[in-house]
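# Analysis of the macromolecular model
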Amino acid sequence: MGDPITAGAYADTSNDTNWSSVDDACPAEEGGPIARTGFSYQDEVAVGFLIDMLCDPSLVKIHCESHDDILLLRSGEAGRIAEFVQVKGGEADKLWSVADLCYRKSGAVGSSIFEVSLSRDQHRELSRFRIVTHRPAVTALDVLTFPLDAPGRESNGAKFLELFTGIDGYCPAFQSAKGNDAKYWIENCLWDVRADKSNIERANLLALIKLSAQQKLDLLQEHVELLLGELRVWVKRAGEARWYPSRDDKIITRDAISTWWKERTTEIRRGAALQGGGKLADKLREIGAGEEIIALAVEMRRDYAAATRNPRYMADDHGEWLQQRVKSEMMSLRTRYSAGQLDIDGISFLMMCLDRLDEMNGNRPIGSEDRAAYLKGCMYDITDRCLHRFARPRK
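An account of the accompanying structure is given in this report. Given the structure is predicted, the values throughout are model-derived calculations rather than measurements.

### Focus on the overall build of the chain
Looking only at helices and strands, the chain has 16 helices and 6 strands in total. Looking at the chain as a whole, 48% of its 395 residues qualify as buried. Counting only contacts in the chain whose residues sit at least 6 apart along the sequence, the fraction spanning at least 24 positions is 72%. In the structure as shown, the chain presents an accessible area of about 18,700 Å², 51% of it carried by carbon and sulfur atoms.

### Details of the nonpolar core
Formed by 36 residues in total, the largest nonpolar core has its most connected members in I62, I70, L208 and W261. Broken down by secondary-structure element, the contributors of at least two residues to this core are α2 (40-55), β1 (59-64), β2 (70-76), β3 (79-88), α7 (197-214), α8 (221-240) and α10 (254-273). Aside from chain neighbours lying at most four places away, what touches L208 is I51, L54, V224, L227, L228 and W261. With 32 residues, the next largest nonpolar core counts A289, I294, Y304 and Y337 among its residues.

### Things to note about the sheet that holds β1
Hydrogen bonds along the backbone pair up the strands of a sheet, which may run parallel or antiparallel. Strand order in this open sheet of 6 strands is β5-β4-β3-β2-β1-β6, and the pairing throughout is mixed. In this open sheet, the two strands that pair with only one neighbour each are β5 (189-193) and β6 (251-253). When strand polarity is set aside, the average angle formed by the axes of neighbouring strands in this sheet is 20°. Where β2 lies against β3, 7 bridges are found, and the strand directions are antiparallel. Considered in β3, the bridge of R74 is made with I81. Against the sheet, helix α9 (residues 243-250) contacts β1 and β6, and its axis sits at roughly 25° relative to β6.

### Notes on the packing of helix α14 (residues 319-338) against helix α15 (residues 346-362)
α15 packs onto α14 with a crossing angle of 145° between their chain directions and a minimal axis gap of 11 Å. Of the two elements, α14 crosses α15, and the hand of that crossing is right-handed. On α15, the residues touching R325, V326, E329, M330, L333, R334 and Y337 of α14 are G346, F349, M352, C353, R356, L357 and M360. Grouping the amino acids of the contact of α14 with α15 by side-chain chemistry returns 9 nonpolar, 1 polar and 4 charged.

### Quick notes on helix α5 (residues 158-170)
Three- or four-residue spacings in an α-helix give side chains the same orientation, since the helix completes a turn every 3.6 residues. The terminal C-alpha atoms of α5, which comprises 13 residues, lie 19 Å apart, in line with the 18 Å expected from a rise of 1.5 Å per residue. Next to the buried residues of α5 lie α3 (98-102), α4 (113-119) and α6 (182-187).

### Notes on unusual backbone geometry
Looking along the chain, the bond that leaves Y244 and enters P245 is cis, with omega of 10°. We note that K216 has phi near 55°; this positive angle belongs to a residue other than glycine. Tracing the backbone through its elements, the reader meets K216 in the loop between α7 and α8. Although it is not a glycine, C386 sits at a positive phi angle of roughly 65°. Here C386 lies in the segment after α16 (372-384).

### Details of the pairing of strand β4 (residues 126-133)
When a strand is regular, its side chains alternate between the sheet's two faces. Across the 8 residues of β4, 8 count as buried, placing the element largely inside the fold. With burial as the criterion, each face of β4 is covered, one bearing L126, R128, R130 and V132 and the other bearing S127, F129, I131 and T133. Here β3 pairs with β4 via 8 bridges, running parallel. Looking across to β4, one finds that E83 is bridged to R128. One ladder, built from 5 bridges, connects β4 with β5; its direction is parallel. Residue pairing for β5: R130 is matched across the bridge by L190.

### Some points on the environment of S348
Looking at the element boundaries, S348 is found in helix α15. Given a relative accessible area of 29%, S348 falls into the partly exposed group. Sequence separation between S348 and I287 is 61 residues, and the spatial gap between their C-alpha atoms is 9.5 Å.

### Remarks on the packing of aromatic side chains
Tallied over the entire structure, the rule returns 11 aromatic pairs. One aromatic cluster in this structure is built from F84, F114, F129, F174, Y184 and W185. The cationic tip of K178 hangs over the ring face of W19; the distance from NZ or CZ to the ring centre is 5.8 Å. For R194, the ring lying beneath its charged end belongs to F49, and the centroid distance is 4.9 Å.

### Quick look at the pattern of salt bridges
Counted according to the given criterion, the structure contains 34 salt bridges. Measuring nitrogen to oxygen at the nearest pair gives 2.8 Å for the salt bridge that ties K61 to D23. In this pair, K61 is assigned in strand β1 and D23 in the segment before α1 (31-34), connecting sequence segments 38 residues apart. Classification of K61 by relative accessible area gives partly exposed; the value is 23%. Given the relative accessible area of 7%, D23 is considered buried. When the shortest N-O distance is used, the salt bridge between R74 and E83 registers 3.2 Å. The burial state of R74 is the same as that of E83; both residues are buried. Sharing partners across several salt bridges, the network here consists of D56, R74, E83, R130, D192 and R194.

Criteria and cut-off values
- All chains use their own residue numbering, which begins from 1 and follows the written sequence.
- In view of the model being predicted, local features appear only for residues whose pLDDT reaches at least 70, and side-chain atom pairs are presented and counted only at 80 or more, with totals across whole chains, interfaces and linings using the full set of residues.
- Note that the side-chain values use all heavy atoms of the structure and ignore hydrogens as well as water.
- Secondary structure elements are defined from DSSP: runs of H or I of at least 4 residues count as helices, runs of E of at least 2 residues count as strands, and each element is numbered from the N terminus.
- Whether a residue is buried, partly exposed or exposed follows from its accessible area with a 1.4 Å probe, protein chains only, as a fraction of its type maximum: under 20%, in between, or over 50%, in that order.
- Only heavy atoms matter for contacts: two residues are in contact if any of them lie within 4.5 Å across the pair.
- Note on areas: these come from Shrake-Rupley sampling with a 1.4 Å probe, and a residue is covered only by the protein chains present in the view.
- We define the nonpolar core as a collection of buried residues of types Ala, Val, Leu, Ile, Met, Phe, Trp, Tyr and Cys that are connected through side-chain atoms lying within 4.5 Å of one another.
- A pair of strands counts as paired when DSSP detects no fewer than two bridges linking them.
- Only the contacting stretch of a helix is used when fitting its axis, a line to C-alpha atoms as for every element, and angles between N-to-C directions run 0 to 180 degrees.
- Should the near helix be turned anticlockwise from the far one by less than a right angle, the crossing is left-handed, and should it be turned clockwise, the crossing is right-handed.
- Here the term charged refers only to Asp, Glu, Lys and Arg, the term nonpolar to Ala, Val, Leu, Ile, Met, Phe, Trp, Tyr, Cys and Pro, and the term polar to all other amino acids, Gly among them.
- The span expected for a helix works out to 1.5 Å for each residue beyond the first.
- In summary, the pairing rule links any two rings of Phe, Tyr or Trp, Trp by its six-membered ring, whose centres are within 6.5 Å, and it sorts them by plane angle into stacked for under 30 degrees, edge-to-face for over 60 and tilted for everything else.
- By definition here, charges over rings are those cases where NZ of Lys or CZ of Arg is within 6 Å of the ring centre and within 35 degrees of the ring normal.
- Here, a salt bridge means any side-chain nitrogen of Lys or Arg that lies within 4 Å of a carboxyl oxygen of Asp or Glu.

The values are spatial; any link to function lies outside them.
Have a look at this one:
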């Protein structure tokens, strides 16, 4: 996780009533929501900010693909702070320089990373800025990696003045709509190095495990991974939504994420406390499955559990590999369901899952033993452990 932006120097002197809030103003462009291909790095960064929001009461809202790649709304002593985040996930090997920061596409004024970032300063909120990259920047940009109130970020310091001179040389006298210049941007920008996507995924996993431990929830890693998958779907759907007519879908609030966390962790812990098969039965009843289907599912789960306790069975039949296959297939189907790609009800989704397992069994090597019951028992077992569900996802 990146360190949260703290209060820095405030250069905004304009009357707040002259500017619209970032929550109300339509973004100037919506290129991201229209075509979001290859955005998994950015989505993983957004997931990290959602976890930050669970831990930090001052982080009250997160926009996905609105006025910038990600927009963080904070409550501060001086008023609301809008932090505009640019995520540079497509330049994995770049060592960033002042020239890169100020490069103007086709020479167009306002097209550089710096100018685009500063131009976000056009709303009622006090503006902050963040650049997220795979790799660190050159020494000339080091000052941006320091926390905003840290020694070395003073506006009369050598590093600060050197960077200001460099930026002003490439983009002379560029200002935001509110009249703020490169000096203001340097004072209020954080350069956030997060390495590659796998590194961010590990950081998010550890952060959610830490939060679980702090709250004495004692979630297993597989439960945390499930919850992270749900957060990824959430930010993906928010990024894909259009401001009109779906503005509320683009903005994730602290109340919404806190409610989700409480409900899902309560459900997982309750399921863990129930006798084996109890949570499975609840989830099947939730979608209107008949009692005979529920009884058969519970029995198949018990048979599966007995089979997995047989060491020779596991060694001879690659039981662990099959378990991972079932988890992977169910996660793929559930993600499509959660993302709205499958417009079906819970019973139909259960049938789809069973059909997929029958397909897996049908593709087994010629002459090998039928494992349809084992695969279905495995699916029912992961459902019983709150790693899968059949009910239609809530909007």
